[in-house]
Amino acid sequence: MERVVEILKEILEIPSPTGYTREVMAYISQLLNESGIKTFYTNKGALIAGNHPEPELVIAAHVDTLGAMVRGILPDGHLSFTRIGGLHLPAFEGEYCTIITRSGKRYRGTLLLKNPSVHVNKEAGKKERKEENMYIRLDELVEKKEDTEKLGIRPGDFIAFDPKFEYVNGFVKAHFLDDKASAAVMIDLMLDLTGELEKLPVAFFFSPYEEVGHGGSAGYPRSMKELLVVDMGVVGEGVAGKETAVSIAAKDSSGPYDYEITTRLIELAEKHDIPHVVDVFPYYGSDGSAALRAGWDVRVALIGPGVHASHGMERTHIRGLLATKELIRAYIEERFGT
């Protein structure tokens, strides 16, 4: 596999539902530190990487993913849950998951419809997939609430779903390519730029709370003038996105992105023959949106690899990952003359 795909596979396999990102942040920090790239954490838990003391350009992606949390223990010992972020329940029905307790214990389970057997429930196919109609079947010998409590499982424990990574014919298939695909691109690019990062006024920001709307609202270096957000490009009906290209977003549901930076990104993609589309996302917000709502006086643009079936069994392509990487590199070179 190409290095960017290897990095993506590694970070996908580290559970990081929003609110529980410390493990993946630690992995990224160690990987970068071993290559001579400095990192530090913000008070809120974001990770900032880079070797320049006063970065003007910040490039951001989020490593938090969709997930769930234990809401309660059912009378039979299995679990009710509440979603974290926009988890699309039909797409996750039947998926395996890990319950992570506050004491660090881990248990396995499966997201299922209540009374799921079609041999006893003729309405199983018609039932609406929503939280009150579904549950987590715990893979432990439990028959009552007290059995599960003895395991140390409590309300508030995190539930992380398996990514189901597969790489075939250049396609990457997995849950949570939104937005670990972009994070992998950023890491891969940083490893390329290791020797130049001390002179480049660029920092890389890994956000921990994007899926719930406030990940990019705080914690940036005060020297920041531009924020280039790298998040998934939408692929589907009514949009231009392709899995083999980088999407340059002119607008999403939060409004237009910066005219000058967006225009320059389009020009660079055309100049360097980088596969790209310019797009408008109808149901979408980003860490850039959060930064602007929080009052940061910065110019914000948004790009990202095309991802099909967002919030479900997602898919992208190595060409889209590399196109995103090359556009970021081209913008840094144009901006700072490297």
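Cut-off values and rules
- Residues numbered from 1 in each chain as written.
- Predicted model: local features only at pLDDT ≥ 70, side-chain atom pairs only at ≥ 80, totals over all residues.
- Heavy atoms only, no water.
- UniProt positions renumbered as here; feature names shortened; annotations may be inferred.
- Helix = DSSP H or I, 4+ residues; strand = E, 2+ residues; numbered from the N terminus.
- Contact = heavy atoms within 4.5 Å.
- Polar contact = N/O pair within 3.5 Å; in protein donor to acceptor, adjacent residues only side chain to side chain.
- Core = buried A, V, L, I, M, F, W, Y, C linked by side-chain atoms within 4.5 Å.
- Buried < 20%, exposed > 50% of the residue type's maximum accessible area, 1.4 Å probe, protein only.
- Domains from an automatic or database assignment.
- Axes fitted to C-alpha atoms, helices over the stretch in contact; angles between N-to-C directions.
- Parallel < 35°, antiparallel > 145°, perpendicular 65-115°, else oblique.
- Left-handed = near helix turned anticlockwise from the far one by under 90°.
- Salt bridge = Lys/Arg side-chain N within 4 Å of Asp/Glu carboxyl O.

Within an unreviewed UniProt entry, the label attached to the chain reads Glucanase, and the organism entered is Thermococcus thioreducens.

Visitor: I tried to follow the UniProt feature "active site" (unreviewed entry) in the chain on my own but got confused; where do I start?
Guide: In this numbering, the UniProt entry assigns the feature "active site" (unreviewed entry) to Glu 210. Relative to the helices and strands, Glu 210 is located in the loop between β12 (202–207) and β13 (226–230). Once you skip the residues sitting within four places of it in the chain, Glu 210 turns out to touch His 62, Asp 64, Gly 215, Asp 231, Gly 285, Ser 286 and Asp 287. A polar contact of 3.1 Å, which involves the side chain of Glu 210, links it to the side chain of His 62.

Visitor: Hey, could you run me through the nonpolar core in this one?
Guide: Where a protein is soluble and globular, its nonpolar side chains tend to be buried together. If you look at the biggest cluster of nonpolar residues, it comprises 104 residues, and the most contacted ones within it are Ile 59, Ile 99, Phe 206 and Leu 227. It is helix α5 (residues 177–192) that contributes the most residues to this core, ten residues altogether. Shared between two domains, this core holds at least three residues of each, these being domain 1 (3–65 + 176–336) and domain 2 (67–161). Tyr 20, Ile 84, Ile 100 and Ala 160 belong to the second-largest nonpolar core, a separate cluster that totals five residues.

Visitor: What am I meant to see in the packing of helix α6 (residues 259–271) against helix α8 (residues 318–336) here?
Guide: The axes of two packed helices give the description: the angle between them and the distance between them. In the contact formed by α6 and α8, the axes pass within 10 Å of each other and the chain directions differ by 110°. With respect to α8, the axis of α6 lies roughly perpendicular. Note that α6 runs across α8; the crossing there is right-handed. Seen from α6, the contacting residues are Ile 261, Arg 264, Leu 265, Leu 268 and Ala 269; seen from α8, they are Leu 327, Ala 330, Tyr 331 and Glu 334.

Visitor: What exactly am I supposed to notice about the pattern of salt bridges here?
Guide: When charged atoms on two side chains of opposite charge get close, those side chains can pair. All told, the structure shown has 23 salt bridges when counted by the stated rule. One salt bridge connects Asp 192 with Arg 3, and the closest N-O pair in it is separated by 2.6 Å. Of the two residues, Asp 192 is situated in helix α5 and Arg 3 in helix α1 (residues 3–12); the sequence distance between them amounts to 189 residues. Asp 192 gets classed as partly exposed once you look at its relative accessible area, which sits at 33%. Of the charged contacts, one joins Glu 95 and Lys 164 as a salt bridge, the two residues approaching to 3.4 Å between their closest N and O atoms. Taken together, the residues span a long stretch of sequence, with Glu 95 in the loop between α3 (89–92) and β6 (96–100) and Lys 164 in the loop between β9 (158–161) and β10 (166–168) at a distance of 69 residues. Judged by relative accessible area, which is 9%, Glu 95 ranks as buried. On the accessibility criterion, Lys 164 (46% relative accessible area) is partly exposed. Each of Arg 3, Asp 188, Asp 192, Lys 325, Glu 326 and Arg 329 takes part in one network of salt bridges that share partners.

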